[in-house]
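# Commentary on secondary and tertiary structure
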Amino acid sequence: GQNIDQPTEMTATEGAIVQINCTYQTSGFNGLFWYQQHAGEAPTFLSYNVLDGLEEKGRFSSFLSRSKGYSYLLLKELQMKDSASYLCAVRDSDYKLSFGAGTTVTVRA
Amino acid sequence: TAGITQAPTSQILAAGRSMTLRCTQDMRHNAMYWYRQDLGLGLRLIHYSNTAGTTGKGEVPDGYSVSRANTDDFPLTLASAVPSQTSVYFCASSDSPGGGGDTQYFGPGTRLTVL
């Protein structure tokens, strides 16, 4: 099984940078995903890491360290529309996703 | 392309009644999933299907059943609803569950209240 931890809430100012950490303990690791979920909506895919290192996609970057069981999602140049929940999910050796409880990010003007 | 659709959008159900939540995808994805999302607990997998004709149990399968008669449809049935099944239910699909970057795409969700 998986044990996935991420902070419950974070607040940041428009234009700033926020880093959301995710730690996991897994019985089998086959990739880590980040999803964004706006209130009342479905989760949407943001990023995927399977090897150690940084993956960059525009304003969003995701980092993975498999030896430490650690990932972070970096959101740069924050915009009001980035206010949402960010879900860390680990895929196991059976290709199933286990999700963390999510981090609610509030962007203030 | 519609992607994934779910019906109904929301429902209030009396305890003890049965209900089927519908999920249809038009992306010809092989795999489909049902999750429930509860405050503070995140998304939890109920049942999944890696391909038409097969199903499997997830983390919280008790009280739920599924079928996968064809590629597009993956209904979730509550045989006798209980209040603890009050939740938001999301259906998802992915093209190739064993693929390297295989991504799950989510439907809009069904908000179910059991009284």
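Residues numbered from 1 in each chain as written. Chains lettered and ligands numbered in written order. Predicted model: local features only at pLDDT ≥ 70, side-chain atom pairs only at ≥ 80, totals over all residues. Heavy atoms only, no water.

## Remarks on the overall build of chain B
Definition in use: Secondary structure elements are defined from DSSP: runs of H or I of at least 4 residues count as helices, runs of E of at least 2 residues count as strands, and each element is numbered from the N terminus. Here the radius of gyration uses the C-alpha set of atoms, whereas the globule reference equals 2.2 Å times the residue count to the power 0.38. Should any heavy atoms of two residues lie within 4.5 Å, those residues are considered in contact. Here the Shrake-Rupley method, with its probe set to 1.4 Å, supplies the accessible areas, and only the displayed protein chains count as covering residues. Think of it this way: Lys and Arg go in the positive column, Asp and Glu in the negative one, and His and the chain ends go nowhere. For the purpose of locating charges, the reference atoms are NZ of Lys, CZ of Arg, CG of Asp and CD of Glu.
Regarding its fold elements, chain B presents 0 helices and 11 strands. Radius of gyration (C-alpha) of chain B: 13 Å, near the 13 Å computed for a compact globule of 115 residues. When the backbone C-alpha atoms are referred to their principal axes, chain B occupies close to 40 × 30 × 25 Å. Partitioning the intrachain contacts of chain B with sequence separation of at least 6 by distance along the chain shows that 55% fall at a separation of at least 24. Summing over all exposed atoms, chain B offers an accessible surface of approximately 5,200 Å²; the carbon and sulfur share of this is 50%. For chain B, the separation between the mean place of its 8 positive charges and that of its 8 negative charges on side chains is 9 Å.

## Considerations on the nonpolar core
As a rule of thumb, nonpolar side chains are buried together in soluble globular proteins. Residues and elements named next belong to chain A. Inclusion rule: The nonpolar core is taken to be a set of buried Ala, Val, Leu, Ile, Met, Phe, Trp, Tyr and Cys residues, with the residues joined through side-chain atoms within 4.5 Å. Buried, partly exposed and exposed residues are distinguished by accessible area as a fraction of the type maximum, computed with a 1.4 Å probe on protein chains only: under 20%, between the cut-offs, and over 50%, respectively.
Residues Ile20, Leu32, Trp34, Leu73, Leu75 and Tyr86 are the most contacted members of the largest nonpolar core, which totals 20 residues. Breaking this core down by element, the ones donating at least two residues are strand E3 (18–26), strand E4 (32–37), strand E7 (60–65), strand E8 (70–75), strand E9 (84–91) and strand E11 (103–108). Apart from the residues lying within four places of it in its own chain, the contact partners of Leu73 are Val18, Gln19, Ile20, Trp34, Leu46, Ser47, Ser61, Ser62 and Tyr86.

## Here we look at the interface of chain A and chain B
The cut-off we apply is this: Accessible area that two parts lose when put together, evaluated with a 1.4 Å probe and summed over both, is termed the buried area. As used in this structure description, the phrase polar contact means that two N or O atoms lie within 3.5 Å; if the pair is within protein, one of them must be able to donate a hydrogen and the other to accept it, and residues adjacent in sequence are counted only when both atoms belong to side chains.
Each partner contributes to the interface: chain A provides 16 residues, whereas chain B provides 20 residues. In terms of surface lost to chain B, no three residues of chain A exceed Tyr95, Lys96 and Phe99 of chain A, which account for 32% of the buried area on that side. In this structure, the connection of chain A to chain B is made through 3 residue pairs in polar contact (both at pLDDT 80 or more). Put simply, the parts of the chain that give the side of chain A that touches chain B at least two residues each are E4, strand E5 (44–49), E9 and strand E10 (97–99) of chain A.

## Here we look at the layout of surface pockets
Short version of the rule: Buriedness for pockets is judged along seven lines, at least five of which must meet protein on both sides within 12 Å for an open set on the 1 Å grid over protein atoms alone, while cavities are sets there where a 1.4 Å probe fits but cannot get out, and lining residues have an atom within 4 Å of a point. Grid points are joined across faces, edges and corners, and a volume is the space filled by probe spheres set on the points. Put simply, Ala, Val, Leu, Ile, Met, Phe, Trp, Tyr, Cys and Pro go in the nonpolar bin, Asp, Glu, Lys and Arg in the charged bin, and everything else, Gly too, in the polar bin.
Considering only enclosed or pocket space, the largest pocket measures out at about 620 Å³ in volume. In terms of lining, the largest pocket is formed by 28 residues, of which the most central are Gln37, Gly40 and Ser85 of chain A together with Gln37 and Leu39 of chain B. Of all the secondary structure elements, the ones that give two or more residues to the lining of the largest pocket are E9 and E11 of chain A together with strand E4 (31–38), strand E9 (87–94) and strand E11 (110–114) of chain B. It is E9 of chain A that contributes the most residues to the lining of the largest pocket, 3 residues altogether. Classifying every residue of the lining of the largest pocket gives 9 nonpolar, 15 polar and 4 charged. In this structure, the second largest pocket spans a volume of roughly 370 Å³. What lines the second largest pocket is a set of 19 residues, among which Gln2, Leu97, Ser98 and Phe99 of chain A together with Glu59 of chain B lie closest to the centre.

## Re the state of the cysteines
Residue and element names in this part refer to chain A. Our working rule: Whenever a pair of cysteine sulfur atoms sits within 2.5 Å, that pair is classed as a disulfide.
Inspection of the entire model under this criterion finds 2 disulfides over all chains. There is a disulfide in this structure between Cys22 and Cys88, and the S-S distance comes to 2.0 Å. Judged by the torsion about the S-S bond (-70°), the Cys22/Cys88 disulfide is left-handed. Within this pair, whereas Cys22 is found in strand E3, its partner Cys88 is found in strand E9, the two being separated by 66 residues in sequence. Residue class for Cys88 comes out buried when judged on its relative accessible area of 0%.

## A short note on the packing of aromatic side chains
All names here are of chain A. Rule in force here: Only centres within 6.5 Å qualify two rings of Phe, Tyr or Trp (six-membered ring in Trp) as a pair; their planes then separate them into stacked at under 30 degrees, edge-to-face at over 60, and tilted for everything else.
Within the structure shown, the criterion is met by 15 aromatic pairs over all chains. Between Tyr35 and Phe99, the ring centres sit 5.8 Å apart and the planes meet at 55°, which makes this aromatic pair tilted. With Tyr35 in strand E4 and Phe99 in strand E10, this pair connects stretches of sequence that are 64 residues apart. Here Tyr35 matches Phe99 in class, with each residue buried.

## Details of the pattern of salt bridges
In a structure, side chains of opposite charge can pair up when their charged atoms sit close to one another. Heads up, the condition is: Only one rule defines a salt bridge in this text: a Lys or Arg side-chain nitrogen within 4 Å of an Asp or Glu carboxyl oxygen.
Taken as a whole and assessed by the stated rule, the structure comprises 6 salt bridges over all chains. Between Asp82 of chain A and Arg59 of chain A there is a salt bridge whose closest N-O contact spans 2.7 Å. Residue Asp82 of chain A is located in the loop between E8 and E9, and its partner Arg59 of chain A is located in the loop between strand E6 (53–57) and E7; the two are separated by 23 residues in the primary sequence. Comparing Asp82 of chain A with Arg59 of chain A, the two get one shared label, buried. When the shortest N-O distance is used, the salt bridge between Arg44 of chain B and Asp38 of chain B registers 2.9 Å. Of the two residues examined, Arg44 of chain B and Asp38 of chain B, each falls in the buried class. Through salt bridges that share partners, Arg36, Asp38 and Arg44 of chain B make up one connected network.

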